[in-house]
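Close look at the chain arrangement
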Amino acid sequence: MSTQMFEGRGHAAVYQKYRFAPGKELQQTILAYLQEKKAIPAELVVDVGCGSGQGTQFLAEHFKKVVGTDISEAQIQEARDSLSMPNLSFLVCPAEELPFQDASVDVLTSFTAVHWFDIEKFMREVKRVVRPGGCVAFSTYTVDMSLSYGDCSEKLTKTFRECWDTILKYSHNRLKFVLENYKDIFEALPFPDKKRITDIYDKIPMTVEGVVGYMESASPYQTFLKKEPEAAKSLLQETEKRMLETMGVSSPETPVEFWVRHVCVLGCK
C-alpha cells in the first residue's frame with residue numbers, strides 16, 4: 001500500500017499553499033508526447049496522488065474530463081476547496097485500488113507521487129485501467145535545485161542547499177526512487193513503448209517566503225518537525241534570515257527564481 005506521508009490537515013494546508021504547479025517545460029514535454037502518440041483529445045484523464053491539485057489543475061486546462069485521486073482526505077479537501085472547474089473532480093482512494101473500469105482511462109498521470117506508492121501493485125492498476133493506445137506520464141522534481149537573484153545567486157543557492165541537505169537527512173527510504181531518477185519506476189512500467197527523460201529544467205517564479213514554505217511542505221521536514229520541533233523551526237527561520245541578508249532585502253515577499261530539474265517517465269500502452 002502507499003506510504004502515507006501527507007495525511008495531516010496542517011501539512012495538507014502548507015502543501016496547498018507552497019507547492020508549485022508543473023513548470024512550463026514539463027508541461028510542454030508531457031503535452032508534446034501525448035500529441036505524438038495521438039492520445040489527444042482524451043475523454044478521461046486521471047491524476048493519481050494528486051495532493052492538493054497543482055498538477056490536476058494544469059490537466060483540467062487541456063482535457064475534457066479530469067479526475068484527481070489521493071489517499072489523503074485532507075489533501076483532497078484542500079484540492080476541492082481551492083479548485084472549482086466544471087470538468088474537474090476529486091476522489092479519495094489508494095493509488096493501488098483505482099475505482100475505474102478496465103481500459104477506461106485515456107491518460108494517467110502522477111506528479112511527484114509514484115515513489116510513495118506500492119510500485120508493483122500500482123503498475124498492475126495502470127495496466128488494468130489504461131485503454132489500448134492510452135498513455136501515462138509520471139514525473140518528479142529532483143533534489144537538484146538552485147536559486148537565482150542578481151549577482152548573489154551562487155551564495156543564495158549555497159544557503160538554500162545547506163538547509164535542504166539538513167532536511168534531507170530525515171528522508172524516507174522511498175526517496176531513493178527520486179535520487180535514482182525514477183529508473184526503477186521506468187523499468188516497472190509494463191508498457192513496451194516508453195521513455196525516460198531526466199533533464200527537464202524549469203524556472204519557477206517564487207518569493208523567499210515561497211522557497212522556505214516549499215521546504216516546510218517537504219515530507220522530510222515534517223519528519224524533522226515531529227522529532228525536533230524547535231530545531232526544525234529554527235532552521236527555517238535562520239535560513240530565511242540568511243537569504244534576505246544575502247540578497248540585501250528585508251521582505252520575504254521579494255521575488256526570486258527557483259530552478260528545478262524534473263524527471264519524467266512517459267509510456268503508451
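Within each chain, residues carry numbers counting from 1 in the order of the written sequence. Residues qualify for local features only when their pLDDT is at least 70, as the model is predicted, and side-chain atom pairs are given and counted only at 80 or more; totals for whole chains, interfaces and linings, by contrast, use all residues. Each side-chain value is derived from all of the structure's non-hydrogen atoms; neither hydrogens nor water enter the calculation.

**Quick look at the overall build of the chain**
Put simply, DSSP marks the helices as runs of H or I at least four residues long and the strands as runs of E at least two long, and each gets a number from the N terminus on. Each helix and strand in the chain was counted, giving 11 helices and 7 strands. As defined in this context, the radius of gyration uses C-alpha atoms, and a globule is described by 2.2 Å times the residue total to the power 0.38. Relative to the compact-globule value of 18 Å for 269 residues, the chain shows a C-alpha radius of gyration of 18 Å, a close match. With respect to the principal axes defined by its C-alpha atoms, the chain has extents near 55 × 35 × 35 Å. Burial classes follow relative accessibility: with a 1.4 Å probe on protein chains only, a residue under 20% of its type's maximum area counts as buried, one over 50% as exposed, and anything between as partly exposed. The burial tally for the chain puts 55% of its 269 residues in the buried class. A sequence separation of at least 24 residues applies to 77% of the contacts in the chain between residues at least 6 apart. Positive residues here are Lys and Arg, negative ones are Asp and Glu, while His and the chain termini are left out of the count. Positions of charges follow a simple convention, taking NZ of Lys, CZ of Arg, CG of Asp or CD of Glu. For the chain, the distance from the average site of its 32 positive side-chain charges to the average site of its 37 negative ones is 4 Å. By definition, residues are in contact when any of their heavy atoms lie within 4.5 Å.

**Examining the packing of aromatic side chains**
By convention, a stacked pair of Phe, Tyr or Trp rings (six-membered ring in the case of Trp) has centres within 6.5 Å and planes under 30 degrees apart, an edge-to-face pair has planes over 60 apart, and any other such pair is tilted. Taken as a whole and judged by the stated rule, the model has 13 aromatic pairs. Ring geometry for Phe160 versus Trp164: centroids 6.1 Å apart, planes at 20°, classification stacked. With Phe160 and Trp164 both in helix 6 (residues 153-168) and 4 residues apart, this pair spans about one turn of that helix. For the residue pair Phe160 and Trp164, the accessibility class agrees, reading buried in each case. An angle of 80° between the planes, with centres 6.2 Å apart, marks the rings of Tyr221 and Phe224 as edge-to-face. Within this pair, Tyr221 and its partner Phe224 are both found in helix 10 (residues 219-227), separated by 3 residues, close to a single helical turn.

**Here we look at the pairing of strand 2 (residues 66-70)**
Judged by how many residues are buried, strand 2 sits mostly within the fold: 5 of 5 residues are covered. Taking every second residue as pointing to the same face, both faces of strand 2 are buried, with Val66, Gly68 and Asp70 on one and Val67 and Thr69 on the other. The definition of a right-handed crossover adopted here requires that, viewed with the strands pointing away, the path from the first strand over the helix to the second runs clockwise. Note on the crossover from strand 1 (residues 45-48) through helix 3 (residues 54-60) to strand 2: the handedness is right-handed. Sheet topology note: the strand 2/strand 3 (residues 88-92) ladder contains 5 bridges and is parallel. Its bridge partner lying in strand 3, Val67 is registered against Ser89. The parallel pair strand 2 and strand 3, bridged by helix 4 (residues 73-82), forms a crossover whose chirality is right-handed. For two strands to pair, DSSP has to find at least two bridges joining them.

**As for the nonpolar core**
Nonpolar core, defined: a set of buried Ala, Val, Leu, Ile, Met, Phe, Trp, Tyr and Cys residues in which side-chain atoms within 4.5 Å join the residues together. By size, the foremost hydrophobic cluster in this structure holds 31 residues, and its most contacted members are Leu108, Phe122, Val126, Phe138 and Tyr182. Counting only elements with at least two residues in this core, the list comes to strand 1, strand 4 (105-111), helix 5 (119-129), strand 5 (130-148), helix 7 (176-179) and strand 7 (255-268). No other element matches helix 5, which puts 5 residues into this core. Leaving out residues up to four positions away in the same chain, Phe122 has contacts with Val48, Ala95, Glu96, Leu108, Val114, Phe117 and Phe138. In terms of nonpolar packing, the next biggest core, distinct from the first, is built from 30 residues, Cys152, Ile204, Tyr214 and Val260 among them.

**Regarding the state of the cysteines**
Any two cysteine sulfur atoms lying within 2.5 Å of each other are counted as a disulfide. Counting across every chain of the model gives 0 disulfides. Take Cys50: it sits in no disulfide, and the sulfur closest to it among the cysteines is that of Cys93, at 8.8 Å. The exposure class of Cys50 is buried, given its relative accessible area of 8%. Take Cys264: it sits in no disulfide, and the sulfur closest to it among the cysteines is that of Cys135, at 11 Å.

**Considerations on the pattern of salt bridges**
When a carboxyl oxygen of Asp or Glu lies within 4 Å of a side-chain nitrogen of Lys or Arg, that pair is called a salt bridge. Per the counting criterion, the structure on display carries 12 salt bridges. For Arg128, the salt bridge identified is with Asp102, shortest N-O distance 2.8 Å. Of the two residues, Arg128 is situated in helix 5 and Asp102 in the loop between strand 3 and strand 4; the sequence distance between them amounts to 26 residues. Note on Arg128: relative accessible area 25%, which makes it partly exposed.

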